[in-house]
Amino acid sequence: MNKTIAAIAFCIAPFLSLAQSAETNSNYVAAQPFGKVEVADLELKSCDFEKDANAEVLFDIGSAGYDPNMDLSLDRHKRIKIFNINGKDNANIRIEFYGGNRLEYINGLQAQTINLVDGKPEITKLDKKLIYTEQIDKNRSALVFSMPNVKAGSIIEYKYSLRSNSLNNFPDWYFQSKLPTRYSEFKTYVPDFMTFQINAHVEQPLVKYSAKSEGRSYGTGTNLISYSLETTYRGLANVPSLPDEAYMTASADNLQKIAHQLTAVRPLGTYSPSYSDSWAKVGRILADDEDFGSQLKRKLANEEVLITKAKSLKTDDQKIQYLFNEVRNSMKWNGVDRWYTNDGTVKAWEKKTGNSAEINIILYHLLKKADVKAFPMVVSTREHGKVVPYFTFLYQFNRAVVYVPMGEGKSYILDATGKYNQYNETPYDLLNSSGLYIDKENEKYDIVMLQRDDAVRQVVMLKGEVTNDGKLDGNAQISSFSYNRVNALNRYKDDGEKKYTDYLRDNNNALNISSLKLENTEVDSLPLVQNVNFKLDLTGSDENYIYFVPNMFSALKANPFLSENRLTDIDFGYKKSYTIIGSYKLPANYKLDALPKNVTLKMPDESILFRRVASAENGMLMIRYQIDQKAISYGRDIYPMVHEFYKKMYEMLNEQIVLKKS
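Residues numbered from 1 in each chain as written. Predicted model: local features only at pLDDT ≥ 70, side-chain atom pairs only at ≥ 80, totals over all residues. Heavy atoms only, no water.

The secondary structure content of the chain amounts to eleven helices and 34 strands. Expressed along its principal axes, the backbone C-alpha trace of the chain runs to roughly 105 × 75 × 50 Å. Put simply, the chain has 662 residues, and 53% of those count as buried. Looking at the chain alone, contacts between residues at least 24 apart form 73% of all its contacts between residues at least 6 apart. Carbon and sulfur atoms form 47% of the exposed surface of the chain, whose accessible area is close to 30,800 Å². (Helix = DSSP H or I, 4+ residues; strand = E, 2+ residues; numbered from the N terminus. Buried < 20%, exposed > 50% of the residue type's maximum accessible area, 1.4 Å probe, protein only. Contact = heavy atoms within 4.5 Å. Areas by Shrake-Rupley, 256 points an atom, 1.4 Å probe, with all protein chains shown as cover.)

Tracing the backbone shows Ser615 in strand β31 (residues 608–617). Relative accessible area serves as the criterion here: at 34%, Ser615 is assigned to the partly exposed category. Separated by 173 residues in the primary sequence, Ser615 and Asn442 place their C-alpha atoms 62 Å from one another. Not counting residues within four places of it along the chain, the set of residues in contact with Ser615 comprises Leu595, Met620, Leu621 and Met622.

Spatially, eight strands are ordered β24-β25-β23-β22-β28-β32-β31-β30 in an open sheet, and the strand pairing comes out mixed. This sheet does not close on itself; its edge strands, each paired only once, are β24 (511–519) and β30 (599–602). Strand-to-strand twist across the sheet, computed as the mean angle between neighbouring axes with direction ignored, equals 10°. With ten bridges joining them, β31 and strand β32 (residues 620–629) adopt antiparallel strand pairing. (Pairing = 2+ DSSP bridges. Axes fitted to C-alpha atoms, helices over the stretch in contact; angles between N-to-C directions.)

On to the sheet that holds strand β7 (residues 141–146), then. Here three strands make up an open sheet; going across it, the order is β3-β7-β6 and the pairing antiparallel. In this open sheet, the two strands that pair with only one neighbour each are β3 (92–97) and β6 (132–135). Pairs of neighbouring strands in the sheet enclose a mean axial angle of 25°, with direction left out of account. In this structure, β3 lies alongside β7, joined through six bridges in antiparallel fashion. Each residue of the ladder has a partner; that of Arg94, found in β7, is Val144.

Moving on: the packing of helix α6 (residues 316–330) against helix α8 (residues 356–369). Here α6 crosses α8 at 145°, and the two axes come no closer than 10 Å. Between α6 and α8 lies a crossing whose hand is right-handed. Two secondary-structure elements touch here, α6 through Lys319, Ile320, Leu323, Phe324 and Val327 and α8 through Ile359, Ile362, Leu363, Leu366 and Leu367. Residues belonging to the contact of α6 with α8 are distributed by class as follows: nine nonpolar, no polar and one charged. (Left-handed = near helix turned anticlockwise from the far one by under 90°. Nonpolar A, V, L, I, M, F, W, Y, C, P; charged D, E, K, R; others polar.)

So, about the packing of aromatic side chains. Per the counting criterion, the structure on display carries 32 aromatic pairs. Pairing Trp339 with Tyr340 gives two aromatic rings, centres 5.1 Å apart and planes at 85°, and the pair type is edge-to-face. When its relative accessible area of 2% is taken as the criterion, Tyr340 is described as buried. Relative to Phe572, the ring of Phe561 has its centre 6.0 Å away and its plane inclined at 80°; by these criteria the two rings are edge-to-face. With Phe561 in the loop between β26 (545–548) and β27 (570–571) and Phe572 in the loop between β27 and β28 (576–585), this pair connects stretches of sequence that are eleven residues apart. Positioned above the aromatic ring of Trp333 is the side chain of Arg399, whose terminal nitrogen or guanidinium carbon lies 5.4 Å from the ring centre. The ring of Tyr574 has Lys576 lying over it, and the distance from NZ or CZ to the ring centre is 5.3 Å. (Phe/Tyr/Trp six-rings, centres within 6.5 Å; stacked < 30°, edge-to-face > 60°. Lys NZ or Arg CZ within 6 Å of the ring centre and 35° of its normal.)

Further remarks concern the nonpolar core. Leu462, Phe553, Phe610, Tyr646, Met649, Leu653 and Leu659 are the most contacted members of the largest nonpolar core, which has 58 residues in total. Ranked by size, the runner-up nonpolar core spans 49 residues in total, among them Ala310, Leu363, Val378 and Tyr395. (Core = buried A, V, L, I, M, F, W, Y, C linked by side-chain atoms within 4.5 Å.)

Let us look at the pairing of strand β25 (residues 528–537). The sheet contact formed by strand β23 (residues 471–480) and β25 spans ten bridges and is antiparallel. Across the sheet, the residue bridging to Ala476 is Val532, located in β25. As defined by bridge partners, β24 adjoins β25 across eight bridges and the pair is classed as antiparallel. For Lys517, the partnering residue across the bridge sits in β25 and is Asn531.

Once that is clear, we can look at the pattern of salt bridges. Evaluation of the coordinates by the stated rule reveals 32 salt bridges. A salt bridge links Lys351 to Asp343, with the shortest nitrogen-to-oxygen separation between them at 2.8 Å. The partner of Asp415 in a salt bridge is Arg399, with the nearest N and O atoms 2.5 Å apart. Of the two residues, Asp415 is situated in the loop between β19 (410–414) and β20 (433–439) and Arg399 in strand β18 (residues 399–407); the sequence distance between them amounts to 16 residues. Accessibility classification places Asp415 together with Arg399 in one group, the buried group. Members of the salt-bridge network, linked through shared partners, are Arg94, Glu96, Glu134 and Arg140. (Salt bridge = Lys/Arg side-chain N within 4 Å of Asp/Glu carboxyl O.)

Quick look at the structure:
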């Protein structure tokens, strides 16, 4: 595993334009030495450019590069202002690194809290006995500590050096975070015999940019090598925080950042570096890795029983379904996502628990033994970030799964970590990214786009009777397909029926669910059907009018796009189709004050279509809503159109029916 790390460049960010100014802009608040704090900062009550922030990064300064011995390091100094009690969580610090075999290590840590007492700065240093090194797994570690004496108005700061024993492990830098940042600067210094591709997502103009070259030498005597050290400074000021937004992808996809990928090294004597510049090389490294490829063929205890049973089944589809369910139901995922194993498949199988790689490599092994054409694959979860296919970088991935091509353009992506995952459905949190599959036997290592082409359906059938005393007595049948099925089952089984019933009620105290019955809970190929009997007090009704909203049990009550502005792209994950059909018997002595108009609403590009059709006859009201969402994603540049469409659509979805006493 650690040999693999040393062979691959460290972190690649999506390539977008890098905004930069030609000259340094002096109109920003720069960093200060450790321990030197301006009283004005201690007296600061709020962030100048983000008034509602609970805390602010005053500065975050990083310097990364190679010393004369070609040792790679990152030196960092960060200072944070705590404005109020809600900002105190930012005083809990966690610094993760690859500590296995001391591939990376941290030294020189200093941390302190500064408060204003009687008009003067008072410093409380962190007791080093309170610094805890957490071993996450055999490769990853974290330095964990909490800053002392933190209160509203405090300033906290810490600095450290991260050293790497790998020439290729060049760190990436995030100018942006969940907090607003007054100033962030990244200095890099690299020898000119190394070629890096700079990949950046920086949207604000750089307030600081400078580059210079200095003559240096390496070695002694006849082995003396002369080279130039290229030093570059990049700084951003007044960087806004990046909040969580509905249907955004990972923060890592959206934060302003810069990364360096080692692409070439000019030969220096007999030195020949190793780094990945193609997916084939990455695939070969994985195939030979002791914590990945070496685990694929390891025999599992009593595996013959499962393999014999699987081989007795007639089709590959039956074998896949059987073995997938056996592994999914017998193994417990420990919640850890890795592309590599930690304890190994044999031990994980014995304990019946493991990380994502261990569970899914076990599944792969059993499928291969049952003569199913399957391949191990590495992927990235939605939380981890999208894979950029044109950057050949292993650490874009954080989970191992199983890829099964079925022919005629059909394939399965199997992930047995989720208890409600289906063998014939790519898990939602892997969609719209890419996976790298490993076919060592045929020396084939290729990138596959993971997506779902067909729309996912949700159908709600409502039938009810409105009574004279302002009540609605009825039943609903909710048919949930694909991811809607998985989400509903997950919530129902994890929360229990009472909490799930409250979820269906959507905190509406006027709605009472008298019974809930589920069908097809154990049949993955069928939709989950929920039969609900309910009574609803139609609040707001009076002696002359009765009001009610037909949009019930649809999960379409609240508009997710209320904000006028948006900072990130929208990614729904998959196409969607919602159908709500209601049939209501009206009380004899009431009539419709006005029949809702039939409406068709379209996005300008027709990527979303909303229809409402209503009719009334013989004391019955029939109403149907249909939403067909054909687009999976929208760039934030067209968010105003999405915002306006959703505003109109939800107004119609939640428009009241008015009955007037005749």
